[in-house]
Amino acid sequence: MTTTIQCDRDGERLDAALSRLIPGLTRSAAQRLLEGGLVTSGGAVLRKSGKTVPGLTVTVDLPDPQPVRLAPQDIPLDVRYEDDDLIVVNKPKGLVVHPAAGHPDGTLVNALLFHCGASLSGINGELRPGIVHRIDKDTSGLLVAAKNDAAHQALAAQLAGHSLSRIYEAIVCGGVREDSGTVDAPIGRHPSDRKRMAVTERGSRPAVTHYEVIARYRGYTHIRCRLETGRTHQIRVHMAYRNHPILGDLVYGHKKSELGQDSQCLHARELRFTHPRTGLPVTVACELPDYFLRVLSGLTPL
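We now turn to the structure provided with this report.

This paragraph deals with the overall build of the chain. Looking only at helices and strands, one finds six helices and 15 strands in the chain. Here the chain has a C-alpha radius of gyration of 20 Å; the compact-globule value for 302 residues is 19 Å, and the two agree. Based on the C-alpha atoms only, the size of the chain along its principal axes is roughly 65 × 45 × 40 Å. A buried classification covers 48% of the 302 residues belonging to the chain. In the chain, 64% of the contacts between residues at least 6 apart in sequence involve partners at least 24 apart. Accessible surface, the chain: about 14700 Å² in total, of which carbon and sulfur atoms supply 49%. Here the chain contributes 37 positively and 32 negatively charged side chains, and the mean placements of these two sets differ by 6 Å.

Moving on, we come to the pairing of strand 6 (residues 86–91). Most of strand 6 is tucked away: six of the six residues are buried. Burial along strand 6 is two-sided: L86, V88 and N90 facing one way and I87, V89 and K91 facing the other are all buried. Strand direction decides the pairing type here: strand 5 (residues 79–82) and strand 6, joined by three bridges, are antiparallel. If you follow E82 over to strand 6, its bridge partner there is I87. Between the antiparallel neighbours strand 5 and strand 6 lie three residues.

Take helix 2 (residues 27–35) next. Among the residues of helix 2, those classed as buried are A29, A30, L33 and L34. Along the long axis of helix 2, the arc covered by the buried residues comes to 140°, so they all point the same way. Of the surrounding elements, those touching the buried residues of helix 2 are helix 1 (14–21), strand 2 (39–41) and strand 4 (57–61). At the C-terminal side of helix 2, G37 shows a positive phi close to 70°.

This part covers the nonpolar core. Residues L112, Y168, I171, I223, I235 and C265 are the most contacted members of the largest nonpolar core, which totals 43 residues. Ranked by size, the runner-up nonpolar core spans 16 residues in total, among them C7, L18, I22 and L25.

Take unusual backbone geometry next. Backbone geometry places H162, a non-glycine residue, at a positive phi of 65°. With respect to the helices, strands and loops of the structure, H162 is situated in the loop between helix 4 (149–160) and strand 8 (165–173). Even without being a glycine, N243 presents a positive backbone phi close to 65°. Examined against the element boundaries, N243 turns out to sit in the loop between helix 5 (234–241) and strand 14 (266–274). Given a relative accessible area of 65%, N243 falls into the exposed group.

A few words now on the packing of aromatic side chains. By the definition in use, this model includes one aromatic pair. Between Y291 and F292, the ring centres sit 6.1 Å apart and the planes meet at 55°, which makes this aromatic pair tilted.

Together, R134, R189, R194 and R202 give the surface a local cluster of positive charge. By secondary structure assignment, the location of R202 is in the loop between strand 11 (197–199) and strand 12 (208–217). Of the residues examined, R202 reaches a relative accessible area of 75% and is grouped as exposed.

Okay, the side chain of H267 next. Tracing the backbone shows H267 in strand 14. For H267, the side chain forms a polar contact with the side chain of S140, separated by 2.8 Å. In this structure the side chain of H267 is engaged in a polar contact, spanning 3.1 Å, whose partner is the backbone oxygen of E287. Excluding anything up to four places from it in sequence, H267 contacts N90, S140, G141, I167, Y168, E169, C286, E287, L288, P289, Y291 and F292.

At a minimum axis distance of 8 Å, the contact between helix 1 and helix 2 shows a crossing angle of 120°. The pairing of helix 1 with helix 2 is recorded here as oblique in orientation. Judged by the sense of rotation from one axis to the other, the crossing of helix 1 with helix 2 is right-handed. Contacts from L14, D15, A16, L18 and S19 in helix 1 reach R27, A30, Q31 and L34 in helix 2.

Conventions we followed
Residues numbered from 1 in each chain as written. Predicted model: local features only at pLDDT ≥ 70, side-chain atom pairs only at ≥ 80, totals over all residues. Heavy atoms only, no water. Helix = DSSP H or I, 4+ residues; strand = E, 2+ residues; numbered from the N terminus. Rg over C-alpha atoms; globule rule 2.2 N^0.38 Å. Buried < 20%, exposed > 50% of the residue type's maximum accessible area, 1.4 Å probe, protein only. Contact = heavy atoms within 4.5 Å. Areas by Shrake-Rupley, 256 points an atom, 1.4 Å probe, with all protein chains shown as cover. Lys, Arg positive; Asp, Glu negative; His and termini not counted. Charge placed at Lys NZ, Arg CZ, Asp CG, Glu CD. Pairing = 2+ DSSP bridges. Arc of directions from axis to C-beta. Core = buried A, V, L, I, M, F, W, Y, C linked by side-chain atoms within 4.5 Å. Phe/Tyr/Trp six-rings, centres within 6.5 Å; stacked < 30°, edge-to-face > 60°. Patch = residues over 30% accessible without salt bridge, like charges linked within 9 Å, V, L, I, M, F, W, Y side chains within 5 Å. Salt bridge = Lys/Arg side-chain N within 4 Å of Asp/Glu carboxyl O. Polar contact = N/O pair within 3.5 Å; in protein donor to acceptor, adjacent residues only side chain to side chain. Axes fitted to C-alpha atoms, helices over the stretch in contact; angles between N-to-C directions. Parallel < 35°, antiparallel > 145°, perpendicular 65-115°, else oblique. Left-handed = near helix turned anticlockwise from the far one by under 90°.

Written out as structure tokens, the structure reads:
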């Protein structure tokens, strides 16, 4: 499939521009297209090191998705919404979303392949069929997957345009003084630990998290967060940056488990989006999981 875009920024990296302007295209996939000579302008092949100028017209040859070589696995799914275009599931803590190094199977993708059959979308031609966005292995809660490419492109466009709303709840360490606030701080790879993210100016991307206090406890605060952007580990990094790391987050917070939590107490509780076919608003919400409720029940209210 061939698509044409017009760049609107000066000096932006080509891979960044492609991933921003083509719904559903990840930056890594854009880099592979550039390396493969599949991005041109006026017949000239554009390279990964190139920069954009406003008005530059770029033609991209998107390869057909390759057949998925993943085995469907009968892993139970907590389905909260489903139709011919998409499915919303409530992912439990501990389930990896898609195959990666160290997790070749037993993932949400394997479960979706079993549940949905061949109807999942194949945007990017990657081992992530249907996955529009993702949440961490040890974060629980709602995630939407697309069953066809049109739905995937529409949902990805909403994600990029910040109209796909993702609302989380978390328990953070310490007492958050203000009733609500916004963390507007760019996130990129940690300068010395490439496995972690950090608030940094170098190689970072804009990141905005809105939060409000639900309840205060002795030593902890129950908060609600709304993502405006969706950077890797965004809520975890932003709350740690504000000196209120998420309870149980041994990577960005305290290095010892607290209250029996050795993974982040973070739950994706609500999704709001426009249905890609009907154009109607859709809201899907789920209850707090048992592990979260157990922690709350053991806290002392202020």
